[in-house]
Amino acid sequence: MPHRREFLQRALMLLGAGVCAPALAPWLQSCSSETKQPTEPGGTVELDLATVPELQRVGGSVKRTFGQHNGGRAVLIVRLGEREFVVFSAVCTHGGCDVELPQAGRIPCLPPCGHGSVFAVEDGRVLEGPATMPLKRFASQYDPERNVLKISF
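The text that follows walks through the structure, step by step, so that each part is easy to find.

What counts, and where the lines are drawn
- Residues numbered from 1 in each chain as written.
- Predicted model: local features only at pLDDT ≥ 70, side-chain atom pairs only at ≥ 80, totals over all residues.
- Heavy atoms only, no water.
- Helix = DSSP H or I, 4+ residues; strand = E, 2+ residues; numbered from the N terminus.
- Buried < 20%, exposed > 50% of the residue type's maximum accessible area, 1.4 Å probe, protein only.
- Polar contact = N/O pair within 3.5 Å; in protein donor to acceptor, adjacent residues only side chain to side chain.
- Pairing = 2+ DSSP bridges.
- Axes fitted to C-alpha atoms, helices over the stretch in contact; angles between N-to-C directions.

Turning to its location among the elements, Asp48 is positioned in strand E1 (residues 44–48). Given the relative accessible area of 36%, Asp48 is considered partly exposed. Distance in space between the C-alpha atoms of Asp48 and Val148 is 4.6 Å, their sequence separation being 100 residues. A polar contact of 3.0 Å, which involves the side chain of Asp48, links it to the backbone nitrogen of Ala50.

And the structure:
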């Protein structure tokens, strides 16, 4: 039968492990080589482009959240042409950090991941690793008469 001191030490260690484990879980998950993309409930949203100055010109981009779509995380919307848009999850497929707005046709991953992954603005493919999976792309349809972008999740 353990002595009182040993019993208390073991009890405190177990209590500490129970308190620390939930705090460590996200940190440990970020160490995985590839991050699962957030799940979304499905459905569509319409974005009135007249309310988004960043998307008035070709090459413009913006990050937006749409409720719980994309797991409540931002999407990256880029205007590639007068009538052409792409919509990606703004979540890096390697480290799970947000990606930056495009710079010279490239979408870099933001710190704190700082691992150097870079994605192509046209289609989200990996240009530089360590990421091996492209950015998740969402279907979109532009209605020029209404100046509205419909995004399907």
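Here we come to the sheet that holds strand E5 (residues 106–108). Ordered in space as E5-E6-E7, the three strands form an open sheet in which the pairing is antiparallel. Edge positions in the sheet fall to E5 and strand E7 (126–128), since each has one partner strand and no second. Direction aside, the axes of adjacent strands within the sheet are offset by 35° on average. Two strands pair when backbone bridges link them, and strand E6 (residues 118–120) and E7 are joined in this way by two bridges, in the antiparallel orientation. For Val118, the partnering residue across the bridge sits in E7 and is Glu128.

This part is about unusual backbone geometry. Outside of glycine, negative phi angles account for most residues, and trans bonds account for most peptide bonds. Of note, the phi angle at Ala104 is positive, near 55°, even though the residue is not glycine. For Ala104, the position within the fold is in the loop between strand E4 (85–89) and E5. Phi is positive for Asn147, which is not a glycine, with a value near 55°.

Here we come to the pairing of strand E9 (residues 148–152). If a strand is regular, its side chains alternate between the two faces of the sheet. Taken together, the five bridges between E1 and E9 define a ladder with antiparallel strand orientation. Residue Asp48 lies in a different strand from E9, and its bridge partner there is Val148. Sheet analysis places strand E8 (residues 137–143) next to E9, joined by five bridges and oriented antiparallel. Pairing of Ser140 across the sheet is with Ile151, part of E9. The turn joining E8 and E9, which pair antiparallel and follow one another in sequence, is formed by four residues; a positive phi near 55° is taken by Asn147.

The six strands lie next to each other as E1-E9-E8-E4-E3-E2, forming an open sheet whose pairing is antiparallel. Edge positions in the open sheet fall to E1 and strand E2 (61–64), since each of these has one partner strand only. Here the average twist between neighbouring strands, direction ignored, is 25°. Pairing between E4 and E8: two bridges, direction antiparallel.

Read these as geometric descriptors, not functional statements.
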